[in-house]
Amino acid sequence: MSIANLARRVVRALTPYQSARRIGGNGHVWLNANEAPLAYPFTIEGSRLNRYPECQPAAVVNGYAAYAGVEPEQVLVSRGADEAIELLIRTFCEAGQDQILICPPTYGMYAISAETCGVGIVELPLTVSRQPDWPAIADRLSDVKLVFLCSPNNPTGDLVGRGGLIALLEKARDRAIIVVDEAYIEFCPEASVVDLLARFPNLVVTRTLSKAFALAGIRCGFTLANPDIIAMLTKVIAPYPIPEPIAQIAAQALSPMGLELMQERVAELNLQKALIKTELTTLPCVREIFEDKGNFVLVRFVDGATVFAAMKAAGIILRDFSTKPGLENSIRITIGYRGEMDAVLAVLRDLPAPRL
Ligand SMILES: *Cc1c(COP(=O)(O)O)cnc(C)c1O
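Residues numbered from 1 in each chain as written. Predicted model: local features only at pLDDT ≥ 70, side-chain atom pairs only at ≥ 80, totals over all residues. Heavy atoms only, no water.

Draft legend 1. Main features of the side chain of Arg207. Along the chain, the position of Arg207 falls in strand S7 (residues 203-208). Classification of Arg207 by relative accessible area gives buried; the value is 4%. A distance of 2.9 Å separates the side chain of Arg207 from the side chain of Glu182, its partner in a polar contact. When sequence neighbours within four positions are dropped, the list of residues in contact with Arg207 reads Tyr64, Tyr67, Ala68, Ala81, Glu182, Ile185, Glu186, Ser192, Val194, Gly221, Phe222 and Leu224. (Helix = DSSP H or I, 4+ residues; strand = E, 2+ residues; numbered from the N terminus. Buried < 20%, exposed > 50% of the residue type's maximum accessible area, 1.4 Å probe, protein only. Polar contact = N/O pair within 3.5 Å; in protein donor to acceptor, adjacent residues only side chain to side chain. Contact = heavy atoms within 4.5 Å.)

So, in structure tokens, the structure goes:
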């Protein structure tokens, strides 16, 4: 018997999340993980490293609360938004009994975290207009503890409709928690639903420094919710989840200068996104361009496999979604700087004309 057989049944059966970094590849243009194209200079001061860090570093909590327009009691810092997702499940779902609800195609970690926690998953696919299926979700509210919505949605780039969300929050009051994952909200800040936290105690918003803030390497994310929910999550989170150097860097990113840098970067990436979309519409190999509210654009090609292979041969690593239901021939392109977008377009222009 292999010692691995001692692992829990769900873990033995689990297909691990295929993160962009795990899939990897040999490339010099990395446009597969929705990362920012450039790093920024932050400094670390080492004099406190002999001490355990604060569980919830005040400078980071207060900085993020001010940035997001909420009270510090409504903020939890975690190791990336990924840890926030898992904490929500571990805090609110009974293993072997409770379920979460997701609307695929969407971010993969909701399902992976539920599975590793022994929590069931109700899947209600997005509608043809790529919105959550509001009536179907409302019908299942008694069966689920958490509903995960992603806005802008990874990988389709759509925003969750505000009217539908508000109606769902009303129906779910005292019954289920609605989580809105705003990992990409800096690319369309006007679409945030954080203002609804004041009206709905069952709303949770998750955020991250990994995308617009260009800090995927430090693993720092946030949960915004009413103080009762934050207090529950604080019971479950590890005693020292945020290493001191990470807290120092996050605090710098949330300073007025850090925020200004982030906003400049977002403006530049949104400009590059508009430019590449315009070019893509002129190419015969492109069949459909999805919504673009994040720092990425999902494109349905006439022949996705050929495009993916040609990009790979040119050292450009993209993310293939063609095996996901409804996303045949679709590839997600992270928006990078001008040179990277030009490299993508050059490969597409060189493809032989597709036979339609
Ligand atoms: C990237 C991403 C995350 C993970 O963020 P981390 O803070 O890096 O863990 C969460 N949700 C969505 C939708 C993402 O795309």
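Draft legend 2. The sheet that holds strand S5 (residues 146-150), seen in detail. Strands sit in the order S2-S8-S7-S6-S5-S3-S4 across an open sheet of seven strands; the sheet is mixed. Strands with a single pairing partner mark the edges of an open sheet, and in this sheet they are strand S2 (75-78) and strand S4 (120-123). Between one strand axis and the next, the sheet turns by 25° as a mean value, whatever way the strands run. Bridge analysis of S7 against strand S8 (residues 221-225) gives five bridges, and the strand direction is antiparallel. Bridge pairing in S8 places Arg207 opposite Phe222. Sitting on the sheet, helix H4 (residues 80-92) touches S2, strand S3 (99-102), S5, strand S6 (177-181), S7 and S8, and the angle it makes with S5 is about 160°. (Pairing = 2+ DSSP bridges. Axes fitted to C-alpha atoms, helices over the stretch in contact; angles between N-to-C directions.)

Draft legend 3. Molecular detail of the site of the ligand. In the region of the ligand, 13 residues are neighbours, and Ala81, Tyr184, Thr208, Ser210 and Lys211 sit closest. Interatomic distance of 2.6 Å between a backbone N/O atom of Ala81 and an oxygen atom of the ligand. Between Tyr184 and the ligand, the recorded distance is 2.6 Å, taken from a side-chain N or O atom to an oxygen atom. Protein chains bury 94% of the 380 Å² of accessible surface belonging to the ligand in isolation. (Near = heavy atom within 4 Å. Areas by Shrake-Rupley, 256 points an atom, 1.4 Å probe, with all protein chains shown as cover.)

Draft legend 4. How the structure looks around the pairing of S7. The element S7 is extensively covered by neighbouring structure, given that six of its six residues are classed as buried. In terms of strand pairing, S6 meets S7 through four bridges, oriented parallel. Within S7, the residue paired with Asp181 across the bridge is Thr206.

Draft legend 5. Spotlight on the state of the cysteines. Scanning all chains against the criterion turns up zero disulfides. Cys103 takes part in no disulfide bond, and the closest cysteine sulfur to it belongs to Cys150, at a distance of 10 Å. Summary of cysteine pairing: Cys220 is not part of a disulfide, and the nearest cysteine sulfur, belonging to Cys55, is at 13 Å. You can call Cys220 buried: its relative accessible area is 0%. (Disulfide = S-S within 2.5 Å.)

Draft legend 6. The pattern of salt bridges, seen in detail. Enumeration according to the criterion identifies 17 salt bridges in this entry. Here Arg90 makes a salt bridge to Glu86, at a shortest N to O gap of 3.6 Å. Placement of the pair is Arg90 and Glu86 together in helix H4, with a separation of four residues, close to one helical turn. We note a salt bridge from Arg207 to Glu182, for which the minimum N-O separation is 2.9 Å. Taken together, the positions of Arg207 in strand S7 and Glu182 in the loop between S6 and S7 put the pair 25 residues apart, joining distant regions of the chain. What makes Glu182 buried here is its relative accessible area of 1%. The structure contains a network of salt bridges with shared partners spanning Arg130, Asp158, Glu288, Arg300 and Glu328. (Salt bridge = Lys/Arg side-chain N within 4 Å of Asp/Glu carboxyl O.)

This is a description of form; function is not addressed.
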